[in-house]
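# Coordinates in review
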Amino acid sequence: MAKVGARLLGVTFDADGYRPGGKSSPAKTTEVLASIIWDKDARIHAQKLFALTALGDLKGPEVTDGLLKVLVDEKTSSEVYAKAADVLMARKDPDGLPLLVKALDPHVDYIAGTTPRGVDAIARAIGAIGKPEGAQALLAHLEDPATSIATAQVIIEALAECQNPRVLAALRTYLLLYRVDPAFKGEPAVLNATIDALLRLGGSKEREVIAYVAQEPRTHESVAAYAKRALAQDQAESQKKAKSRGGPPEPR
């Protein structure tokens, strides 16, 4: 090969007539979009966000799998993470529910060296689907001592959407246990969400528990006040429905 004695900026090869051997198939759209999202080049940040939006418009469990990989990767930037979480929730894809449930398998285990990632986003996605099958995996994280109060609120809101009455006992216990916990005094929203979930999913037993929480002196003042308002609103809605039906209110 001869030296040209100059710096080259580019080279073109003439491949006229060349035909590669073997069979090839066009790349799948999901694979192409995933390759953009996973690219380590930080300069194509906008392209990654666009690829996530485009990926969300496609169907199939492989899309859910790709979005989950973004969420559980500790190197994912905060903006890309937030976009992936929004896309995953907006899909409301029941075919992806088994993958979402499986993604909640990891818990904090110092011996095994495991730490769950993306629990908030996965919980919202399960809640958006609204199937009872997603409740048990959510409940396991609610009962995990390592779960933060903020994450617990997201989980409880998702449990309310799952419409699975099997979670009622755990929600009753959660409300009764933490209504007096000092750690929850400044963060009552999670207990308020628990009250809402109990009223939405439960019956007379749950309303008795909420009435107790509203009246018991040791309950945090803000939680007790919320419980009273929630019960009053629930009763008003019951009477309104009864009036529209022309009959007595349903027993609450």
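Refer to the preceding data block for the structure.
None of these values were measured; they are calculated from a predicted model. (Residues numbered from 1 in each chain as written. Predicted model: local features only at pLDDT ≥ 70, side-chain atom pairs only at ≥ 80, totals over all residues. Heavy atoms only, no water.)

## Section: the overall build of the protein chain
Within the protein chain, the secondary structure is distributed over 12 helices and zero strands. The linear arrangement of helices and strands in the protein chain, starting from the amino end, is α-α-α-α-α-α-α-α-α-α-α-α. Considering the protein chain as a whole, with its 252 residues, one finds that 38% of them fall into the buried category. Within the structure as shown, the protein chain displays about 15,700 Å² of accessible surface, and the carbon and sulfur contribution to it stands at 55%. (Helix = DSSP H or I, 4+ residues; strand = E, 2+ residues; numbered from the N terminus. Buried < 20%, exposed > 50% of the residue type's maximum accessible area, 1.4 Å probe, protein only. Areas by Shrake-Rupley, 256 points an atom, 1.4 Å probe, with all protein chains shown as cover.)

## A word on unusual backbone geometry
In this structure, Lys92 is a non-glycine residue whose phi angle is positive, near 50°. With respect to the secondary-structure elements, Lys92 resides in the loop between α4 (78–91) and α5 (97–103). If you check the backbone angles, Gln163 has positive phi at about 55° while not being a glycine. Given a relative accessible area of 40%, Gln163 falls into the partly exposed group.

## What about the packing of α4 against helix α6 (residues 119–129)?
Where α4 meets α6, the axes come as close as 8 Å, and the angle between the chain directions of the two elements is 15°. As judged from the angle between their axes, α4 and α6 are roughly parallel. Note on packing geometry: the crossing formed by α4 with α6 is right-handed. Only Ala121, Arg124, Ala125 and Ala128 of α6 make contact with α4, whose side of the interface consists of Tyr81, Ala85, Leu88 and Met89. Tallied by class, the residues present in the contact of α4 with α6 amount to seven nonpolar, no polar and one charged. (Axes fitted to C-alpha atoms, helices over the stretch in contact; angles between N-to-C directions. Parallel < 35°, antiparallel > 145°, perpendicular 65-115°, else oblique. Left-handed = near helix turned anticlockwise from the far one by under 90°. Contact = heavy atoms within 4.5 Å. Nonpolar A, V, L, I, M, F, W, Y, C, P; charged D, E, K, R; others polar.)

## Some thoughts on helix α2 (residues 45–56)
The first and last C-alpha atoms of α2 sit 17 Å apart over 12 residues, in line with the 16 Å expected at 1.5 Å per residue. All of the buried residues in α2 are Lys48, Leu49, Ala51, Leu52, Leu55 and Gly56. Burial along α2 is one-sided: seen end-on, the buried residues are contained in an arc of 160°. The exposed set on the far side of α2, more than 90 degrees from its buried face, consists of Ala46 and Phe50. On its buried face, α2 sits against α1 (29–38), α3 (61–72) and α4. (Expected span 1.5 Å × (residues − 1). Arc of directions from axis to C-beta.)

## With respect to the packing of aromatic side chains
As enumerated under the stated definition, the model contains three aromatic pairs in all. Between Tyr178 and Phe184 the ring centres are 4.6 Å apart and the planes differ by 25°, which places this aromatic pair in the stacked class. Of the residues examined, Phe184 reaches a relative accessible area of 5% and is grouped as buried. Through a chain of ring-to-ring contacts, three or more aromatic side chains come together here, namely Tyr174, Tyr178 and Phe184. (Phe/Tyr/Trp six-rings, centres within 6.5 Å; stacked < 30°, edge-to-face > 60°.)

## Points about the nonpolar core
Among the nonpolar cores identified, the biggest contains 63 residues, and Leu138, Leu142, Leu159 and Leu171 are the most heavily contacted of them. With nine residues, the single largest contributor to this core is helix α8 (residues 149–162). Apart from residues lying up to four places away in sequence, Leu138 is in contact with Leu104, Ala123, Ile126, Ile155, Ala158, Leu159 and Cys162. (Core = buried A, V, L, I, M, F, W, Y, C linked by side-chain atoms within 4.5 Å.)

## Describing the environment of Val119
Summarising the element assignment, Val119 is placed in helix α6. Taking the C-alpha atoms as reference, Val119 lies 8.8 Å from Leu138; in sequence the two are 19 residues apart. Among residues more than four places away in sequence, those in contact with Val119 are Leu104, His141, Thr151 and Ile155.

## Considerations on α4
A rise of 1.5 Å per residue sets the reference length of α4, with its 14 residues, at 20 Å; its end C-alpha atoms lie 20 Å apart and thus fit the reference within 8%. By the burial criterion, the buried members of α4 are Val80, Ala84, Ala85, Val87, Leu88 and Arg91. Around the axis of α4, the buried residues are gathered within 165° of arc, so they sit on the same side. The exposed set on the far side of α4, more than 90 degrees from its buried face, consists of Ser78 and Ala90. Buried residues along α4 sit in contact with α2, α3, α5 and α6. Lys92 sits one or two residues past α4 and shows a positive phi near 50°.

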